[in-house]
Amino acid sequence: MAPPAMAFQSLALAPLPLPQPAARRRVRVLAVAADYTPPPPPSSPEPANSPSRLLRELAERKKVMSPKKKHPPRRFILKPPLDDERLTQRFLNSPQLSLKALPLLSSCLPSAPLSAADRTWMDEYLLEAKQALGYPLAPSETLGDGDDCPARHFDVLLYLAFQHLDPSCERTRTRHVRSGHSRLWFLGQYVLELAFCEFFLQRYPRESPGPMRERVFSLIGKRVLPKWIKAASLHNLVFPYDDLDRMIRKDREPPSKAVFWALFGAIYLCFGMPEVYRVLFEAFGMDPEDENCQPKLRRQLEDVDYVSVEFEKRQLTWQDVAAYRPPPDALFTHPRLFRACVPPGMHRFRGNIWDFDNRPKVMNTLGYPLPINDRIPEIKEARNIELGLGLQLCFLHPSKHKFDHPRFCFERLEYVGQKIQDLVMAERLLMKHLDAPGRWLAEKHRRLLMNKYCGRYLRDKHLHHYIVYGESVQDRFEHNRRLRNPSTTSVQQAIHGLAYCVYGKPDVRRLMFEVFDFEQVQPKAV
């Protein structure tokens, strides 16, 4: 290869045509011209508004301009507040403030009166929905004697339950419909969880909560909800323009889940838990013994302890659970659920060291026993004895007796407590935040009931010192917070489950918001 100087010389001298004189002449190279041909001048000057000229100038300007700042989306831009008169009128016209005797149902009504488009949908499709669910076709306003009857508002709530957010439909995007529907599904998901929890605990009195959770997921997991919607012939109301079987999962599952949850939120508000069971097992045709709903096979510990007499005779059906009414002189608000969670063999623990030393301290911290006017004095004494045994079960860690006696631990009470505290907090948030949509409430609910907070509130009351661990793991659990904190969370939830079984939902509210202060609104001791 020639040196660079020689290559440059050859490139520079090659294109120049030199005459060949007779005598040799010395030639000095003064400059090298590149082969550049400028573009021909335009034949005519471009007009001032020429598109090509404007685009060229814009491209030149973009090179020197700084990048644009991203503006916040429109939904986060604050709007000017309503003046006092319009704000007052809006509150006075809101159906949410129309019922004083039913605060929870009132909070789930639409925030504005229904429009003509809403009434048109109700006239056209509501009869089909009521027929599929097994309700009388007459307007719900004809039921009961006055606005304080919950069933009178069923038509409005049933309409909201079917209005899942459809971007192509102007009616479902209006604020009162969109927010009303999301608030219903926010409540309905916890109603379903509690309903199945109570049903399976009484149907399978010896089973641990692990298989029960698998049964619940197999029945109402989001993958199977479109199947139930179609089984009840409601798919034409949820997807009026689409074939459910041909839709892909991400298009059919979210609307099916929202409508299913909202439907049971509406039924619970208007008719209560027995009607929830009827619609689940009659209208939707759920079968807890279906082979697709069975839990995974696992090694079962041998359960040698007795169950209550009412569970020994036969396996309970959903009709037994839905139609059950406690006798007038019952010890508890939910006596059969208490018997399903607290085994009769717990009476062998009466008079032990924990019962003598720790039970009075725990009951004093929790404010037990509650004052109740009983017709027979012996009922109060029997209830307090059973309450003490239930509290001892709440503080029995599985490491103590579970291997020999699988039900002598807090697991079943913890399962009830999880579900009832979810429902109580959901009802509290709905009544407290009338304007909030369901997604905001769900996030608020999640942040308030995080497991680490539940255990922390128990430890703040210094109740974690009374948990009974097995001898082999006691030292590890007491000195390792990664092991200790989840167990304190479980004890906290088990206490809520016991309170629900013995005294009912009002006592769960008292424990959550007065004793443990889940919302953290009470002043702290300095």
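Overview of the structure.

Procedures and definitions
- Residues numbered from 1 in each chain as written.
- Predicted model: local features only at pLDDT ≥ 70, side-chain atom pairs only at ≥ 80, totals over all residues.
- Heavy atoms only, no water.
- 1 Å grid on protein atoms, 1.4 Å probe; cavity = no way out; pocket = protein on both sides within 12 Å on 5 of 7 lines; lining within 4 Å.
- Points joined across faces, edges and corners; volume = space filled by probe spheres on them.
- Nonpolar A, V, L, I, M, F, W, Y, C, P; charged D, E, K, R; others polar.
- Salt bridge = Lys/Arg side-chain N within 4 Å of Asp/Glu carboxyl O.
- Buried < 20%, exposed > 50% of the residue type's maximum accessible area, 1.4 Å probe, protein only.
- Helix = DSSP H or I, 4+ residues; strand = E, 2+ residues; numbered from the N terminus.
- Core = buried A, V, L, I, M, F, W, Y, C linked by side-chain atoms within 4.5 Å.
- Contact = heavy atoms within 4.5 Å.
- Expected span 1.5 Å × (residues − 1).
- Phe/Tyr/Trp six-rings, centres within 6.5 Å; stacked < 30°, edge-to-face > 60°.
- Disulfide = S-S within 2.5 Å.
- Patch = residues over 30% accessible without salt bridge, like charges linked within 9 Å, V, L, I, M, F, W, Y side chains within 5 Å.
- Areas by Shrake-Rupley, 256 points an atom, 1.4 Å probe, with all protein chains shown as cover.

Next up on the list: empty space enclosed by the protein. Considering all chains together, one arrives at 3 cavities of 30 Å³ or more under this definition. Taken as a whole, the largest cavity encloses approximately 70 Å³ of empty space. Along the walls of the largest cavity sit Arg 90, Phe 91, Ser 94, Gln 96, Leu 97, Ser 111, Leu 434 and Asp 435, which together make up its complete lining. Its residues assigned to classes, the lining of the largest cavity comprises 3 nonpolar, 3 polar and 2 charged.

Right, let's get into the pattern of salt bridges. Applying the stated rule across the entire model yields 31 salt bridges. Here Asp 243 ties to Arg 246 by a salt bridge, and the two come within 3.3 Å at their closest N and O atoms. Note on Asp 243: relative accessible area 39%, which makes it partly exposed. Given a relative accessible area of 73%, Arg 246 falls into the exposed group. Among the ionic pairs, Lys 361 bridges to Asp 357, the shortest N-O distance being 3.8 Å. On the accessibility criterion, Asp 357 (39% relative accessible area) is partly exposed. Connected via shared salt-bridge partners are Arg 206, Asp 303 and Arg 407.

Omega for the peptide link from Tyr 368 to Pro 369 comes to -5°, which places this bond in the cis form. Phi at Ser 233 is positive, roughly 60°, even though this residue is not glycine. Along the chain, Ser 233 turns up in the loop between α9 (225-231) and α10 (235-238).

This part takes up the nonpolar core. Of all hydrophobic cores here, the largest spans 136 residues; its most connected members are Phe 162, Phe 260, Phe 284, Met 286, Leu 366 and Phe 395. With 15 residues, the top contributor of residues to this core is helix α7 (residues 175-203). Discounting residues that sit within four places of it in the chain, Leu 366 has contacts with Leu 391, Leu 463, Ile 495, Arg 510, Leu 511, Val 515 and Phe 516.

Bringing helix α18 (residues 377-394) into the picture now. Turn by turn, an α-helix covers 3.6 residues, leaving residues three or four places apart pointing in a common direction. If you check α18, its first and last C-alpha atoms are 26 Å apart, about what 18 residues at 1.5 Å a residue would give, namely 26 Å. When we look at burial in α18, the residues that qualify are Ile 379, Arg 383, Glu 386, Leu 387, Gly 388, Leu 389, Gly 390, Leu 391, Gln 392, Leu 393 and Cys 394. Turning to α18, the residues buried within the fold contact α15 (335-341), α16 (353-357), α17 (359-366), α20 (411-432) and α24 (481-502).

According to the stated counting rule, one finds 25 aromatic pairs in the structure shown. Between Phe 196 and Phe 281, the aromatic rings sit 6.2 Å apart at their centres with planes inclined by 75°, giving edge-to-face as the arrangement. Residue Phe 196 is found in helix α7, and its partner Phe 281 is found in helix α12 (residues 273-283); the two are separated by 85 residues along the sequence. On the basis of relative accessibility, which here comes to 8%, the residue Phe 281 falls in the buried class. Ring plane angle 55° and centroid distance 6.3 Å describe the contact between Phe 199 and Tyr 277, whose orientation is recorded as tilted.

Moving on, we get to the environment of Leu 225. With respect to the helices and strands, Leu 225 occurs in helix α9. Along the chain, Leu 225 and Phe 260 lie 35 residues apart, while their C-alpha atoms are 7.3 Å from each other.

Let us now look at the state of the cysteines. One covalent bond between the sulfur atoms of two cysteine residues makes up a disulfide. Per the stated rule, a full pass over the model turns up 0 disulfides. For Cys 501, which is in no disulfide, the shortest distance to another cysteine sulfur is to Cys 341 and amounts to 4.7 Å.

Time to look at the environment of Lys 452. Of note, Lys 452 is situated in helix α22 (residues 451-460). Residue classification places Lys 452 among the partly exposed residues on the basis of a relative accessible area of 49%.

What follows deals with a nonpolar patch on the surface. There is a patch of nonpolar side chains on the surface, built from Leu 87, Phe 91 and Leu 97 and spanning about 250 Å² of accessible area. Along the chain, Phe 91 turns up in helix α3 (residues 84-93).

That's the geometry; what it means functionally is another story.
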